[in-house]
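This is what each chain is made of:
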Amino acid sequence: MREKYLWLAIAVLTVLTMGQACYIYEGKAVAKDITEQPPVEPEIHQMAHAEKASDSQWEELEKWRRTVREQINQGFPLSDRDFDVFFGDRFFAGRPSPFAEMERVRKQMSGEFRDQEKALFDGYWGKWFEQRMLMGQFRTEINRTPGEVTVTVQLPGLEGRTADVSVTDERIRLSFEAKASSERKTADTLIKRASSQSYIKILPLPEDAVPGTGKVEIKGETVIIRFARKKS
């Protein structure tokens, strides 16, 4: 009887030992599979990040387009802020050719409206574009030497040192206040008037300027931005 229980105990111990051995083997096999998997290359991470960024940009564009269409269709005017909210720093930073993309968006949006709504949208866009992108009375010059590109902007009436110049890899942004004065002569007196207006202007980087090298200098009513020049 005692011998019977002895053999039973030996059988139980054998089963437990075999089970533990199988568990250890499986654990090593799993670890081996994990370690033998090829590492994820940086390019794959970059592609995944780019795809997510592209999806996010597309969602933002669709949301903005819906908002603009609703306002136009309901007869509400578009203000500069309605364009600034989309065509801001996030827009410029997330696209390789933001100014070309801006024109593509304009054409696509304009083509979606009927004649009357199209005229309204084009008018609002033109007003905003002139306010933000066209320099008007603020003369801009680009000069080049073999190693440097210089952008010079004349801001007549610039108040003190109010010019705030921001340079990124995609654009130049000028925010400033400028005075304007006028005179009107009547029969016996000369009437002078002065006013001050705030401006925000956005310029593309010169094509041959090296991004990230812009250095800003303000002299009186002149803003000077110097870039290293790309080697041809």
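Residues numbered from 1 in each chain as written. Predicted model: local features only at pLDDT ≥ 70, side-chain atom pairs only at ≥ 80, totals over all residues. Heavy atoms only, no water.

**Concerning the packing of aromatic side chains**
Two numbers describe a pair of aromatic rings. These are the distance of the centres and the angle of the planes.
Thinking step 1. In total, this model carries 19 aromatic pairs according to the counting rule given.
Thinking step 2. Between W64 and F86, the ring centres sit 5.1 Å apart and the planes meet at 15 degrees, which makes this aromatic pair stacked. With W64 in helix 2 (residues 42–73) and F86 in the loop between helix 3 (80–84) and helix 4 (89–93), the pair connects residues that are 22 residues apart, well separated along the chain.
Thinking step 3. Aromatic side chains F121 and W125 sit 6.0 Å apart centroid to centroid with 45 degrees between the ring planes, which places their arrangement in the tilted category. Highlighted residues: F121 and W125, both in helix 6 (residues 115–132), separated by 4 residues, approximately one helical turn. (Phe/Tyr/Trp six-rings, centres within 6.5 Å; stacked < 30°, edge-to-face > 60°. Helix = DSSP H or I, 4+ residues; strand = E, 2+ residues; numbered from the N terminus.)

**A few points about the sheet that holds strand 6 (residues 215–219)**
To summarise the sheet geometry, strands pair through backbone hydrogen bonds and adopt either a parallel or an antiparallel arrangement.
Thinking step 1. Read from one edge to the other, the open sheet built from 4 strands follows the order 1-2-7-6, with strand pairing classed as antiparallel. Edge positions in the sheet fall to strand 1 (140–145) and strand 6, since each has one partner strand and no second. With direction set aside, neighbouring strand axes in the sheet form an average angle of 20 degrees. (Pairing = 2+ DSSP bridges. Axes fitted to C-alpha atoms, helices over the stretch in contact; angles between N-to-C directions.)

**What to know about the environment of K215**
Thinking step 1. Mapped onto the elements, K215 comes out in strand 6.
Thinking step 2. Each C-alpha atom of the pair K215 and T150 lies 9.5 Å from the other, and the pair is 65 residues apart in sequence.

**So, the pattern of salt bridges**
Thinking step 1. Taken as a whole, this structure holds 16 salt bridges when the rule is applied.
Thinking step 2. As a salt-bridge pair, D84 and R132 come within 2.7 Å of each other at their nearest N and O atoms. Of this pair, D84 sits in helix 3 while R132 sits in helix 6, placing them 48 residues apart in sequence.
Thinking step 3. Since its relative accessible area comes to 25%, D84 is described here as partly exposed.
Thinking step 4. Salt-bridge contacts for R144 lead to D208; the nearest nitrogen and oxygen are separated by 2.6 Å. Here R144, found in strand 1, pairs with D208, found in the loop between strand 5 (190–204) and strand 6; they are 64 residues apart in sequence, far enough to count as distant.
Thinking step 5. When its relative accessible area of 16% is taken as the criterion, D208 is described as buried.
Thinking step 6. One salt-bridge network, held together by shared partners, links E62, R65, R69 and E112. (Salt bridge = Lys/Arg side-chain N within 4 Å of Asp/Glu carboxyl O. Buried < 20%, exposed > 50% of the residue type's maximum accessible area, 1.4 Å probe, protein only.)

Without other data, these values stay purely geometric and don't point to any function.
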